[in-house]
Amino acid sequence: MTNEEYQAAARYWEEKDAAGVKLEQDKLKAMAEEYILSNNTCALATGTGDYVRCTPIEYSWHGGCFWMFSEGGKKFIGLQKNPHVCLAIYDRYEGFGSLHGIQVMGLADLVEPFSDDYNAHAAWKKISLEALRKLPSPMHLIRVRPTRIDCLFSDFKDLGCSPRQTLLLGETAMQ
């Protein structure tokens, strides 16, 4: 493919969605959050340079952010040099009439162990700080602040809208 063909393919959905019927943003935000809360596992993509890693990981959602405890792993290669991440949550494909999935672009940071935010999340997860302190290696806490959420829900058609909708959140969390 030529550069122009790659660029045209990259713009495909943006151009198609530009003419689509948009859902009211507060309704979209509520539906996206409901879907996020109905799940607990995502695929987290991190990367730097020519290195990319996509990790299935359990998440929690509160305070407008995704929170993930992790012992470690190759995802930290990307996290060290690049705070920009993408995560996906999706249902098993059962046909075009029952699509449900989101893709989130955001900024990740590592929460300092035993800081106020770290301790608050541990309490939210009902994990004792004593148990965390006794671990042989630290339990890292990754926080992802979403900047963009692309939703693909067949349900949007029932509301008279396009099945693809986007929340642009900028540099702030979804609150």
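Residues numbered from 1 in each chain as written. Predicted model: local features only at pLDDT ≥ 70, side-chain atom pairs only at ≥ 80, totals over all residues. Heavy atoms only, no water.

**With respect to helix α2 (residues 25-37)**
Worth spelling out the cut-off: A run of DSSP states H or I qualifies as a helix once it reaches four residues; a run of E qualifies as a strand once it reaches two. Both are numbered from the N-terminal end. Multiply 1.5 Å by the residue count of a helix minus one, and that product is the helix's expected span. We call two N or O atoms a polar contact when they sit within 3.5 Å, provided that within protein one can donate a hydrogen and the other can accept it, with sequence-adjacent residues counted only if both atoms are side-chain atoms.
Under the 1.5 Å per step criterion, the end-to-end length of α2 is 18 Å for 13 residues, consistent within 8% with the ideal 18 Å. One side-chain oxygen at the N-terminal end of α2 lies 3.2 Å from the backbone nitrogen of Asp26; it belongs to Glu24.

**Considerations on the side chain of Asp150**
As a reminder, the rule being used: Classification of residues uses two cut-offs on accessible area relative to the type maximum, computed with a 1.4 Å probe and protein chains only: under 20% is buried, over 50% is exposed, and between them is partly exposed. Should any heavy atoms of two residues lie within 4.5 Å, those residues are considered in contact.
When you line up the elements, Asp150 lands in strand β7 (residues 140-153). A relative accessible area of 14% places Asp150 in the buried class. There is a polar contact of 2.6 Å between the side chain of Asp150 and the side chain of Thr166. With sequence-adjacent residues up to four places away left out, Asp150 is seen in contact with Gly101, Ile102, Gln103, Gln165 and Thr166.

**Looking at the environment of Met31**
Within the fold, Met31 resides in helix α2. For Met31, a relative accessible area of 15% corresponds to the buried category. For the pair Met31 and Phe156, spaced 125 residues apart in sequence, the C-alpha separation works out to 9.7 Å. If sequence neighbours within four positions are ignored, Met31 has contacts with Leu23, Phe153, Asp155, Phe156 and Leu159.

**What to know about the state of the cysteines**
The test is simple: Throughout, disulfides are identified as pairs of cysteine sulfur atoms within 2.5 Å of each other.
According to the stated counting rule, one finds zero disulfides in the structure shown. Free of any disulfide, Cys86 has its nearest neighbouring cysteine sulfur in Cys54, separated by 8.3 Å. With no disulfide partner, Cys151 has as its closest neighbouring cysteine sulfur the one in Cys161, 12 Å distant. Judged by relative accessible area, Cys151 falls into the buried class, the value being 2%.

**Topic: the nonpolar core**
A general feature of soluble globular proteins is that nonpolar side chains tend to end up buried together. Threshold: What we call a nonpolar core is a set of buried Ala, Val, Leu, Ile, Met, Phe, Trp, Tyr and Cys residues that are connected through their side-chain atoms within 4.5 Å.
Judged by nonpolar contacts, the single largest core of 30 residues is most densely connected at Phe66, Met68, Leu87, Ile89 and Ile102. Where this core is concerned, the elements lending two or more residues are α2, β1 (41-48), β4 (65-70), α3 (75-81), β5 (84-90), β6 (100-111) and β7. With sequence-adjacent residues up to four places away left out, Met68 is seen in contact with Cys42, Leu44, Ile57, Glu58, Tyr59, Leu87, His140, Leu141, Ile142 and Val144. Ranked by size, the runner-up nonpolar core spans nine residues in total, among them Val111, Tyr118, Leu132 and Met139.

**Here we look at helix α4 (residues 116-124)**
This is how it is decided: For this quantity, the arc is that covered by the directions from the helix axis to the C-beta atoms.
Within the sequence span of α4, burial applies to Tyr118, His121 and Ala122. Relative to the axis of α4, the buried residues are bounded by an arc of 100 degrees and lie together on one face. Facing away from the buried surface of α4 by more than 90 degrees, the exposed residues are Asp116 and Ala123. Two residues or fewer past α4, Lys126 is found with a positive phi of approximately 60 degrees.

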